[in-house]
Amino acid sequence: MTLLSTLNPPQRQAVTTTTGPVLVLAGPGSGKTRVLTHRAAYLIQELGVEPWRLMAVTFTNKAAGVMSERTAALLDSPQGLRGMILGTFHSICARFLRMQAVAIGLNPRYVIFDSDDQLQVVKQALRDLNLDEKRYNPRAIHAAISNAKNELLTPETFPITTHHEEIAARVYARYQHLLALSSALDFDDLLMRAVFMLRDHEPIRRQYQQRLQYIMVDEFQDTNSAQYELVRLLAEGQRNVFVVGDEDQSIYGWRGADFRNVERFRQDFPDAKVILLEQNYRSTQIILDAANALISRNFHRTPKKLFTDRGAGVKIVLHQAFDEQDEGNFILDEIVRLQQEGAAQPGDCAIMYRTNAQSRAVEEAFIRRGVPYRLVGATRFYNRREIKDALAYMRLAHNPHDDVSLRRVINVPPRSIGAASVDRLSSWAATLDASLYTGLRLLGGDAEPELAARAGVHPFSGRARTALMHFYTLLQGWIAAGSVLTPAQLLDRILDESGYRDWLQDGSEEAQERWDNVLELRTVSAGYDDLPRDQALAAFLEEVALVSDVDDYEASSNAPTLLTLHAAKGLEFGVVFITGLEEGLLPHSRSLEDPDGMEEERRLAYVGVTRAANRLYLLHTFRRSAWGRSEPSAPSRFLRDLPASVTSGHRPGSAHRRMTTWGREPQAPASRHSPSNRLQFSPGQRVRHPTFGEGTVITSTLMGGDEEVSVAFRSQGVKRFLASLANLKPV
DNA sequence: TGTTTCGACGTTTTT
DNA sequence: CGTCGAAACA
C-alpha cells in the first residue's frame, strides 16, 4: 500500500475512514490537500469506487485543478478520474442546473450574471418601482438580496422589520422577476436554485443521492447556509460525507460563510468521526509561535496545539517604512538580497495585502526596478470594458433575452440608438412583461400572433425603428451562428459585423492594448472549439462567468506573487511579506467597531502569517496615502500581540502613543509637543541628515542623557540616531 | 443623438 | 483618485 506510506497516522486515518460522516479539523499546513487527494485515490484505486460516484467541492477552480492533477498522479490508470464531480460549489451547481433545467422549469440557455450585472438589475428594479437610487443605495440593497439568498430566503420569506427591509423585499421580488425575464441566474441563485431543486423534486434528489456514494468538501469553514444545505441534502443518502475545515481560517463571513457550520455538521451527523490534523509541515516554529500568539486572542474558537519538527528558523522581520512607496522599495531590496544570499528565489516570495488598492504601490516598485512579478486578481481581465462588451455580444448570441447584455451593447459602437429609444423599448417591453429582445421581435414582426395582438401599435418613429431593426437583424444572424460556429469563429464574426473592431481601433496606444485584450479573449474561447457546437458556447460562457482571481495564477515563472490575503488562502510560499499592518487597514476600518468583524480580521492576519514556510516580514508604514491624500498611520494592534522572542527589527509598541499624538497634528511646531524642553527634536519635525537627506522625525526620547531620534526617510525607511552623533539639522 | 464636463461618492475582502 | 450619472453643449 504505497498510497498510504507517506502519510502520518491521523492523515492515514482521515484517508481510510471512508464509511460514514467524517469531520477533519485541519490546521494550516497540516497536509489537508494531501489527505483529500489520497482519499480520492484510495477510494478509486483500493476500494474500486467508480469515479463518477465521487464528488469533491473545492474553494476555487484552481484548487479543483490541483486536486484533479495530483489525484490522477496517484492512480495507476491514466484516465482514472473520469466522471468525478469536482469543482467549486458554484460551478457544480451550474452544471446540475443545466442538466436538470427542463425538469425544473429553467431555460437551459440561462446566463450567469456577475456582480456588475447584478447591480444593473438592482438599479433597473429600483427604477421600475419608482424608488430613488439616491435614497436607497443599490449596493446596500444588492447586499441584502445576496445575503437573503445565501440564507435561502425568497422574496416571500424575507423577514421585514424595518423600512429598509420592506424596500429590500420589494426590490428583491422585482429583481428576481427581471432575472427571470432575462433567463438569467446570479451567483447566489446557482446555489439557492440547486438547493430548491433537490428539496422540491424528490426524483432528482434520489437520483443524486444514489449516485453520490462519496462526498468531500474542502474549506468547510467557509460554507454558507445554502452550501451547507446542499451538502446535507446530497449526503443524506449514503452519509459518506467528508468535510475538512479550520475555523481559524474562516475569512468569508461577509459573504454569508459561517464557521458554525462545523458545529451544525456535528449536530446533523452526530455519529461523525472527528479527526484532528495538528502537525504542521510548512512553517518554522517561530512562524507558528507568531501565528498562535495572534489567533489565541480570538474568543470564538477551540484551542489547538499546532506543532512542527522543522526547528525554530529565522526571526520574523518587523519593519516600519516611511510610506507605501518606501514599503515597496523595502520589499524589493529584501527580495534582491535574499536571492543574492541564496536564501530564496524570487518565485518563492509573496506580497500580501488587505485591499487590492494596495497592490499599486508595490507594483510600481517592481516596475521601477524592472523586476517581473505576478499579480493575482485586482484589475481583473474579465472586468475590462472591452472584454465585457465582447462577452455581452456572445451572451446575446446564446440567450438574446439577457437584457443587461443587450442594454450594454445595443449602442456600442454608436448605432443611433440613444437613451430615449432604449427607454421607449424598455417601457414598451415592460407593459408586455417581456424582455427587450421580445420587444425587438415584435417590432420586426417575428413574434407570436397572440403576443403581437396584445402589443398593439409600436411607439417608434421611422428612424428609430430602422436603427433598432438594423441591430435586430445583426443579432438574429449571431443567434443563428451561435449553434454552427465555434466560439472563436462566432466572436470573429461579431467583432466584424458589429463594427466593434473598427470602432475600438482608433489608432491610439490604449486602443491597441484593448484590442490585444479582445484577442486574448479570443484565445480563451478557442479552447472550446473541440466541444460539440451546441455545447461549446454555453460551456465557454459558464466557465468565464465562474473563474476566480486565483484561477489564472501561474506557478511556473520565477517571479514574486502579489495577492490579497483572501486570495492567499490555501497557498504556501517560502517568503511572505504582509504589507499595511496598520489600524484601519488590517484590521480594516469597517471592522473596528464590530467584535465579530475584528475576529475575522485577526483570522485574516493568521491566514497570511501561516502561508509562510521560512521567512515572514510584517510591514507597516509611517504614513500612507488613500484617496489621494497622505495620512499618518498607526501600527496594527496585531503587531503588539507578537511575543518579542519571535521578532527582530523595530517593535512598534512603544512608539504607538507618540505616533497617534503626531497623527492628530502632523504639522505641529516642534516645541509644543516636546515632553521636555531638553529635547532638540520632536515628532513631525523635518530634519536633514548628511547621508540620508531630508526626513521626518517620528519619535524622540531621552536615552541615558543623550537624545535618541528616529527619523523616517522617503527612500531609506526609518533610521534611529543619537542626536549627539548624527549631525541632524532642522530644516 | 453624441460628446464633454462637473460634482458626488466610494473601497474591504469574491463566487 | 476614478467611476458614474446628470447636466450642458454641439
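All residue numbers refer to position in the chain's written sequence, counted from 1. As a convention, the first chain written is A and the first ligand written is 1, with the rest following in written order. In keeping with the model being predicted, local features are shown solely for residues with a pLDDT of at least 70 and side-chain atom pairs are shown and tallied solely at 80 or more, while totals for entire chains, interfaces and linings include all residues. As a convention, hydrogens and water are excluded, and side-chain values are obtained from all of the structure's heavy atoms.

## Remarks on the overall build of chain A
Alright, step 1. On a plain count of helices and strands, chain A comes out with 31 helices and 22 strands.
Alright, step 2. Accessibility here uses a 1.4 Å probe with only protein chains present; expressed as a share of the type maximum, an area under 20% marks a residue as buried, one over 50% as exposed, and anything in between as partly exposed. For chain A, the residues scored as buried account for 56% of the 731 residues in total.
Alright, step 3. Here, two residues are considered to be in contact whenever any of their heavy atoms come within 4.5 Å of each other. Considering only intrachain contacts with a sequence separation of at least 6, the fraction spanning at least 24 residues in chain A is 74%.
Alright, step 4. Residue burial considers only the protein chains on display, and all accessible areas are found by Shrake-Rupley using a 1.4 Å probe. Looking at chain A as shown, the accessible area adds up to about 31,800 Å², and 49% of this sits on carbon and sulfur atoms. Strands are runs of DSSP state E lasting at least two residues, helices are runs of H or I lasting at least four, and both sets are numbered from the N terminus onward.

## Thoughts on the sheet that holds strand 12 (residues 561–564)
Alright, step 1. Strands are treated as partners if at least two bridges between them are detected by DSSP. In spatial order, the strands read 11-12-10-13-14-9-17; together these seven strands make up an open sheet with parallel pairing. A strand with exactly one partner marks an edge of an open sheet, and here the two such strands are strand 11 (374–375) and strand 17 (647–649).
Alright, step 2. When strand 9 (residues 316–321) meets strand 17, the two strands line up parallel, connected through three bridges. Of the residues in strand 17, the one forming a bridge with leucine 318 is glycine 649.
Alright, step 3. Axis geometry follows a simple rule: fit a line to the C-alpha atoms, using only the stretch in contact for helices, then measure angles between N-to-C directions, giving values from 0 to 180 degrees. Contacting strand 9 and strand 14 (612–621), helix 13 (residues 285–295) runs over the sheet at an angle of about 50° to strand 14.
Alright, step 4. Running over the sheet, helix 14 (residues 324–340) touches strand 9, strand 10 (349–353), strand 13 (573–578) and strand 14 and is turned about 155° from strand 14.

## Brief notes about the packing of aromatic side chains
Alright, step 1. Two aromatic rings, drawn from Phe, Tyr or Trp (for Trp, its six-membered ring), form a pair once their centres lie within 6.5 Å of each other, and the interplanar angle then sorts them: stacked below 30 degrees, edge-to-face above 60, tilted otherwise. Evaluated as defined, the whole model comprises 17 aromatic pairs.
Alright, step 2. Ring centres of phenylalanine 366 and tyrosine 373 lie 5.3 Å apart, and the angle between their planes is 50°; on these two criteria the pair is classed as tilted.
Alright, step 3. Given a relative accessible area of 0%, phenylalanine 366 falls into the buried group.
Alright, step 4. Here the aromatic rings of tryptophan 428 and phenylalanine 460 are separated by 6.2 Å at their centres, their planes lie at 85°, and the arrangement is edge-to-face. Of this pair, tryptophan 428 sits in helix 18 (residues 419–431) while phenylalanine 460 sits in the loop between helix 20 (449–455) and helix 21 (462–482); the two residues are 32 residues apart in sequence, bridging distant segments of the chain. Here tryptophan 428 matches phenylalanine 460 in class, with each residue buried.
Alright, step 5. Among the aromatic side chains, those forming a connected cluster through ring pairs are Phe220, Tyr228, Phe265 and Phe269.
Alright, step 6. Over the ring of tyrosine 110 we find arginine 98, and its NZ or CZ is 4.2 Å from the ring centre. Throughout this description, the term charge over a ring refers to an Arg CZ or Lys NZ atom that lies within 6 Å of the ring centre and within 35 degrees of the ring normal.

## A few points about the pattern of salt bridges
Alright, step 1. In what follows, salt bridge is the name for a side-chain nitrogen of Lys or Arg lying within 4 Å of a carboxyl oxygen of Asp or Glu. The tally for this structure, following the rule as stated, stands at 43 salt bridges.
Alright, step 2. Between arginine 127 and glutamate 133 there is a salt bridge, with its nearest N and O atoms 3.6 Å apart.
Alright, step 3. Judged by its relative accessible area of 42%, arginine 127 is partly exposed.
Alright, step 4. Among the salt bridges present, the one from arginine 603 reaches glutamate 600, with a minimum N-O distance of 3.3 Å.

## Brief notes about the nonpolar core
As a rule of thumb, nonpolar side chains are buried together in soluble globular proteins.
Alright, step 1. Put simply, buried Ala, Val, Leu, Ile, Met, Phe, Trp, Tyr and Cys residues joined by side-chain atoms within 4.5 Å make one nonpolar core. Counting residues in each nonpolar core, the largest one holds 69 residues, and the members touching the most others are Met55, Val171, Leu190, Leu234 and Phe265.
Alright, step 2. Not counting the four nearest positions on each side in its chain, phenylalanine 265 is found in contact with Pro21, Val22, Leu23, Phe220, Tyr228, Val241, Val243 and Ala272.
Alright, step 3. Residues Tyr382, Ala392, Ala429 and Leu475 belong to the second largest nonpolar core, which totals 55 residues.

## Comments concerning the environment of methionine 352
Alright, step 1. Looking at where methionine 352 falls in the secondary structure, it is placed in strand 10.
Alright, step 2. Between the alpha carbons of methionine 352 and histidine 319 there is a distance of 15 Å; along the sequence they are 33 residues apart.

## Let's talk about the packing of helix 5 (residues 89–100) against helix 11 (residues 225–235)
Alright, step 1. Where helix 5 contacts helix 11, the two axes come as close as 12 Å, and the packing angle between them is 55°. Taken together, the axes of helix 5 and helix 11 lie oblique to each other. Here helix 5 and helix 11 pass one another in a crossing that is left-handed. Residues Phe89, His90, Cys93 and Phe96 of helix 5 touch helix 11, and the partners they reach there are Gln227, Leu230, Val231 and Leu234. Angular relationships are summarised with four words: roughly parallel below 35 degrees, roughly antiparallel beyond 145, roughly perpendicular across 65 to 115, and oblique for the angles in between. When the near helix sits turned anticlockwise from the far one by under a right angle, the crossing is termed left-handed; a clockwise turn instead gives a right-handed crossing.

## Points about the packing of helix 2 (residues 9–16) against helix 3 (residues 32–46)
Alright, step 1. Where helix 2 meets helix 3, the axes come as close as 8 Å, and the angle between the chain directions of the two elements is 45°. It follows from the interaxial angle that helix 2 and helix 3 lie oblique. In this structure, the crossing between helix 2 and helix 3 has a hand that is right-handed. In contact with Gln11, Ala14, Val15 and Thr16 of helix 2, helix 3 contributes Val35, His38, Arg39 and Tyr42.
Alright, step 2. Throughout, the ten residues Ala, Val, Leu, Ile, Met, Phe, Trp, Tyr, Cys and Pro are labelled nonpolar, Asp, Glu, Lys and Arg are labelled charged, and all others, Gly among them, are labelled polar. Across the contact of helix 2 with helix 3, the residue classes break down as four nonpolar, three polar and one charged.

## Concerning the sheet that holds strand 8 (residues 273–277)
Alright, step 1. The six strands lie next to each other as 3-2-6-7-1-8, forming an open sheet whose pairing is parallel. Each of the sheet's edge strands pairs with one partner strand only, and the pair in question is strand 3 (85–87) and strand 8. Strand-to-strand, the axes of this sheet are offset by a mean angle of 10°, without reference to chain direction.
Alright, step 2. Sheet topology places strand 2 (residues 54–57) next to strand 3; three bridges connect them, and they run parallel. Bridged to methionine 55 within strand 3 is isoleucine 85.
Alright, step 3. Across the sheet, helix 11 lies against strand 2, strand 6 (214–217) and strand 7 (241–245), angled at about 160° from strand 6, the strand it touches most.

## Describing helix 2
Alright, step 1. Within helix 2, burial applies to Gln11, Ala14 and Val15. The arc that holds every buried residue of helix 2, seen down its axis, measures 100°, which confines them to one face.
Alright, step 2. Contacts made by the buried residues of helix 2 are with helix 1 (2–5), strand 1 (22–26), helix 3, strand 7 and strand 8.
Alright, step 3. In this structure asparagine 8 caps helix 2, since a side-chain oxygen of it lies 2.9 Å from the backbone nitrogen of glutamine 11. By construction, the arc corresponds to the directions joining the helix axis to the C-beta atoms. Polar contact is defined as a pair of N or O atoms within 3.5 Å, subject to the rule that within protein one atom must be able to donate a hydrogen and the other to accept it, and that residues adjacent in sequence are counted only when both atoms are side-chain atoms.

## Some details on the confidence of the model for chain A
Alright, step 1. One confidence number per residue, pLDDT, is output by the predictor and ranges from 0 to 100. Summary statistics for chain A give a mean pLDDT of 87 and a share of 90% for residues scoring 70 or more.
Alright, step 2. Low pLDDT, under 50, characterises residues 654–677; the stretch is placed with 30 contacts to residues that sit more than four places away or in other chains.

## Focus: unusual backbone geometry
Alright, step 1. Valine 412 connects to proline 413 through a cis peptide bond whose omega is 0°.
Alright, step 2. Of note, proline 413 is situated in the loop between helix 17 (403–409) and helix 18.
Alright, step 3. Backbone torsion omega between leucine 586 and proline 587 reads 5°, so that peptide bond is classified as cis.
Alright, step 4. By the element assignment, proline 587 lies in the loop between strand 13 and helix 27 (595–609).
Alright, step 5. Unlike most non-glycine residues, leucine 152 shows phi in positive territory, near 65°.

## Things to note about the side chain of aspartate 218
Alright, step 1. Secondary-structure assignment places aspartate 218 in the loop between strand 6 and helix 11.
Alright, step 2. For aspartate 218, a relative accessible area of 10% puts it in the buried group.
Alright, step 3. Those residues in contact with aspartate 218, other than ones at most four positions away along the chain, are Lys32, Leu36, Val57, Thr58 and Val244.

## Structural notes on the pairing of strand 14
Alright, step 1. The buried fraction of strand 14 is high, at eight of ten residues.
Alright, step 2. Across five bridges, strand 13 lies against strand 14 in parallel orientation. In the sheet register, valine 576 faces strand 14, and the bridge partner there is leucine 616.
Alright, step 3. For the handedness criterion, the strands are oriented away from the viewer, and a crossover whose path from the first strand over the helix to the second runs clockwise is classed as right-handed. In this region the chain leaves strand 13, passes through helix 27 and returns to the parallel neighbour strand 14; the handedness of that crossover is right-handed.

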